[in-house]
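# Breakdown of the fold
Given next are the chains, with one letter for each unit.
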Amino acid sequence: MKGRMSLLDIGAEVARLNNVLKGCKVVNVYDINAKTYMLKLQRTGFKCRLIMESGVRFHTTNYNRDKSLTPNGFTLKLRKHIRQKRLDEVRQLGVDRVVDFVFGFGDQKFHIILELYAAGNIILTDEAMSMMMVLRRHIPDQPDRQRYAVRETYDLDFVHRPQVCTQAMLKSWTQSTTKPAEESLDESQKQSSKISNGSSSKPHTSTNKKKSSVYDRLLEHSDFGKALVEHALIKSVGEEFKSLDCDTLWQPDQANMVHRLLEELHTVHGMLFSDTLKDAKGFIIMSAKDGKTDLFDEFVPEVLEQY
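The sections below set out a description of the structure shown in this document. (Residues numbered from 1 in each chain as written. Predicted model: local features only at pLDDT ≥ 70, side-chain atom pairs only at ≥ 80, totals over all residues. Heavy atoms only, no water.)

### Remarks on the pattern of salt bridges
Considering all chains together, one arrives at five salt bridges under this definition. Here Glu53 ties to Arg57 by a salt bridge, and the two come within 2.6 Å at their closest N and O atoms. Looking at Glu53, the relative accessible area reads 17%, which means it is buried. Note on Arg57: relative accessible area 24%, which makes it partly exposed. Among the ionic pairs, Asp100 bridges to Arg91, the shortest N-O distance being 2.7 Å. (Salt bridge = Lys/Arg side-chain N within 4 Å of Asp/Glu carboxyl O. Buried < 20%, exposed > 50% of the residue type's maximum accessible area, 1.4 Å probe, protein only.)

### A closer look at the sheet that holds strand β1 (residues 25-31)
Judged by pairing direction, the sheet is antiparallel, and its four strands sit side by side in the order β1-β2-β3-β4 without closing on themselves. One side of each edge strand has no neighbouring strand; the edge strands of this open sheet are β1 and β4 (57-61). With strand direction ignored, the average angle separating the axes of adjacent strands in the sheet is 20°. As judged from the six bridges shared by β1 and strand β2 (residues 36-43), these two strands associate in the antiparallel manner. Residue Val29 lies in a different strand from β2, and its bridge partner there is Leu39. (Pairing = 2+ DSSP bridges. Helix = DSSP H or I, 4+ residues; strand = E, 2+ residues; numbered from the N terminus. Axes fitted to C-alpha atoms, helices over the stretch in contact; angles between N-to-C directions.)

### A word on the packing of aromatic side chains
For the structure on display, the rule yields four aromatic pairs. Arranged with centres 5.9 Å apart and planes meeting at 85°, the rings of Phe58 and Phe101 form a pair that is edge-to-face. Linking Phe58 in strand β4 with Phe101 in strand β6 (residues 98-103), this pair joins segments that are 43 residues apart in sequence. Phe58 gets classed as buried once you look at its relative accessible area, which sits at 1%. Phe101 sits in the buried class, given a relative accessible area of 0%. The interplanar angle of 70° and the centroid separation of 5.3 Å between the aromatic rings of Tyr215 and Phe241 together place this pair among those described as edge-to-face. Taken together, the residues Tyr215 in helix α5 (residues 214-221) and Phe241 in the loop between α6 (225-236) and α7 (246-249) connect sequence positions 26 residues apart. The exposure classification of Tyr215 matches that of Phe241, with both residues buried. Above the ring of Tyr30, the side-chain terminus of Lys67 is found at 4.9 Å from the ring centroid. (Phe/Tyr/Trp six-rings, centres within 6.5 Å; stacked < 30°, edge-to-face > 60°. Lys NZ or Arg CZ within 6 Å of the ring centre and 35° of its normal.)

### Examining a nonpolar patch on the surface
A cluster of nonpolar side chains, namely Ile284, Met286, Phe296 and Phe299, defines an oily patch on the protein surface of about 390 Å² accessible area. For the nonpolar patch, the secondary-structure elements that each account for two or more residues are β12 (283-289) and β13 (292-300). Relative to the helices and strands, Phe299 resides in strand β13. Exposure remark for Phe299: the relative accessible area of 40% places this residue in the partly exposed category. (Patch = residues over 30% accessible without salt bridge, like charges linked within 9 Å, V, L, I, M, F, W, Y side chains within 5 Å. Areas by Shrake-Rupley, 256 points an atom, 1.4 Å probe, with all protein chains shown as cover.)

### Some remarks on the sheet that holds strand β7 (residues 110-115)
In spatial order, the strands read β5-β6-β7-β8-β9; together these five strands make up an open sheet with antiparallel pairing. The strands lining the two open edges of the sheet, one partner per strand, are β5 (87-92) and β9 (131-134). Going across the sheet, the axis of each strand differs from the next one's by a mean of 20°, ignoring polarity. Bridge count between strand β8 (residues 121-125) and β9: three bridges; the pairing is antiparallel. Along β9, the bridge assignment pairs Thr125 with Met131. In the packing of helix α1 (residues 7-21) onto the sheet, the strands contacted are β5 and β6, and the crossing angle to β5 comes to about 165°. Most of the contacts of helix α2 (residues 73-82) go to β9, to which it runs at about 145°, and overall it touches β6, β7, β8 and β9. (Contact = heavy atoms within 4.5 Å.)

Right under this line is the structure:
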């Protein structure tokens, strides 16, 4: 069961909402709980409700939800600034799981920024991206990280921009291919090794090396996330993609495999950052378990190769 929206889900939903909700006026704002908010929107002949849950999801719904009897402070602030404003644009910021809802125009423009990664956040900013209200206040110790507090600027320079994977990039991601097996031992295992050797001297260092897989390195370094990385690897390498180690990928006789992998990574990039997602229809993936068939597994905007 899907717990959070993937990068592909977000791209598809952003494209859909721009088609469906652009120009709608905010009638009211409600809090369902401390992390989930509902915007009631309408235009001539059309009404809907938009759900935003910090760190988890955003989508429209036809169902009315149980709302807090007394609106919280965040809801009151949203009502004050975006009620009766029109939704002008919904956009995804870079390749981060961040969505910007733009309301109003000129000096009466406001942004609701919904962050869908880690602990999540919802931020209300003015036209200059100065934070007016923050659902989750956070001041990091590192000076090069975004600060979340009223009157801080939501700095778009921190947004991770999409990059097309080149052969040089792929090679840099997969260069350091092995590590000593000893590095994976925790302290208790190392201590046990010392005891078994009958002394407190440095334990015998295994010469075994643990090979790094291409799959793990792409998950670590690429922008695409688990589902799209698996899709690209199955298309280019095959069903046994998880066993492909970095050393094997760069053997001279695997040049065609490298070429196919780069082609599939470019295709995935185009899938995310082109206009094709606006036509995504959505699919429900069913599975069978314990003799039961047609069990709901998850929903996806596109049928990927692993399905």
